[in-house]
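Each chain is listed here by its residues.
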Amino acid sequence: PAEILEYPSWDDFVRALENPPHILGISFHINETNLALIMADYARRKGVKEIWAGNFGAFNKKINDSFDRVFTGWSEASVALALGAPMSSHIRHPEIYASVGTGLPIPPLIVGTLFTSRGCPHTCNFCQTPDFYGRSQPMPLEEIKIILKKYKEKGVHSINILDENFGTFHKHSRDVVDMLQRLDFRWVALTRVNTLLKNFDVWRDSGLFGAHLGIESLSNKSLESASKRTDQSESIRALELLSRHNMFVQIFYILGFETDTIPSIKSDIDRLSKLDIDVAQLQILTPYPNTADTEKIITKYSITIEDHSLYNSRNLVWNHPNFSAKNLEEIRQQSDRRINTPARMRRTLAKFLLYYG
C-alpha cells in the first residue's frame, strides 16, 4: 500500500524512510526544486531504489537526470501503468474544502472547491499549463453532480470553480451552471475575461458571485507579446461589470513584460487602483521551463539567476532591459500596497455579508 505524506516536515520525512520503500515519489513546484533534490539524495542514501518526480517542478529538463521517472500533467494513468496497477475508467472528484474568515465573531464561510475541466487550450507565452497538461478535457458531468450533492449534504452553500478557464467547453459548462442553479449554490469561477463577458448575464442569474481573472497587463503591447488574445479595454469592461453588481473580484497581474517601464507600470497601477478589485496577485514575469517566453528571454536577454528556489513569481531572474531585480521588487511591493488596502478588505467583507448573510 502507498503511504502519502502531505507537506511533511523534515523529521516526518526522515521517520518515513526508517523503513525505506522501494519507490519514493516527490511532487513539487519549481521553487521547491532544491528541497526535492535534497530529499531525493537522502532517500537514495537510505536505500530507496527508485525516485519518481511529478508536478510542475518535474517539468524541467535540467533536473530530469536526478530522477528515475518523471511524470507531468494529470498522471493517474501513467503512474498506474508504471506500477502495473489497474486504472479506473473515470476520475472521481475528491471533496476539497476551504474556509473564508471574516475576523468577526461569526463562523467562517466554508467553500467547496470544484474542477469541471482539466488543462487549458490557450497558449499564453508565459504559461506552462498547456504543454504540462496536454489536451484539455472536461470532467464527467456525473462526477460533478455527485460532488455537488456531497457539498450540499454537508451544508456548503458556496462553490469555488478553479478550472484553468471555466467556460472553455461551452455545452459542458452550461450543464454545470444548470446544476449549480438547481442546487442553489453561490459560486465564483476562474475564467478568462472574454469568456466572462460572453456568459455574464446567464451566469449572474444562475448564482455567480464573482470571478478570478487573469488580467496580466493593461498594456496591449504586453498582451500581444504574451499571446493573451484579449485587450485591456475588455479587461476594464469586465471589472466594471463585476463592480456594478457588487461581485467579488480577484485578479492576476504580471509586472516586468519586455516593454514595461517604470512610468508604464506606475500608470497602469494607478488605473487599477481606481477599479473595484478585492484581491490582486501581483507577479513578476518569470521564465518558467518549456514556455515561449523562456526561449525568447534566453536568446535575447539571458537568465541571471539559476537558483530555482527564487522562481516563485516574486523575483526578477533574467536580464530585463528596463529594471534591476531590486528595482522591480520594490515596484511590486509598492503596487501591492497601493491595491491591496485595508479599505478594500473591508469592502470585500461587506460583499460577502451581502451575498451570504
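Conventions used here
- Residues numbered from 1 in each chain as written.
- Predicted model: local features only at pLDDT ≥ 70, side-chain atom pairs only at ≥ 80, totals over all residues.
- Heavy atoms only, no water.
- Pairing = 2+ DSSP bridges.
- Helix = DSSP H or I, 4+ residues; strand = E, 2+ residues; numbered from the N terminus.
- Axes fitted to C-alpha atoms, helices over the stretch in contact; angles between N-to-C directions.
- Contact = heavy atoms within 4.5 Å.
- Buried < 20%, exposed > 50% of the residue type's maximum accessible area, 1.4 Å probe, protein only.

1. A closer look at the sheet that holds strand S9 (residues 186-191)
Within a sheet, neighbouring strands are paired by backbone hydrogen bonds and run either parallel or antiparallel to one another. Here seven strands make up an open sheet; going across it, the order is S4-S5-S8-S9-S10-S11-S12 and the pairing mixed. The sheet is open, and its two edges are formed by strand S4 (97-100) and strand S12 (279-284), each paired on a single side. The mean angle between the axes of side-by-side strands here comes to 20°, regardless of whether they run parallel or antiparallel. Examined bridge by bridge, S9 and strand S10 (residues 208-216) share five bridges and lie parallel to one another. What sits directly across from Trp-187, in S10, is Leu-208. Along the sheet, helix H9 (residues 232-244) makes contact with S10 and strand S11 (248-255), crossing S10 at roughly 155°.

2. Regarding unusual backbone geometry
One non-glycine residue, Asp-184, lies in the positive phi region at around 60°. You can see Asp-184 is positioned in the loop between helix H6 (170-182) and S9. On the basis of relative accessibility, which here comes to 61%, the residue Asp-184 falls in the exposed class. The phi dihedral of Ser-313 is positive, around 65°, even though this residue is not glycine. Mapped onto the secondary structure, Ser-313 falls in the loop between helix H11 (292-300) and helix H12 (325-339). On the accessibility criterion, Ser-313 (8% relative accessible area) is buried.

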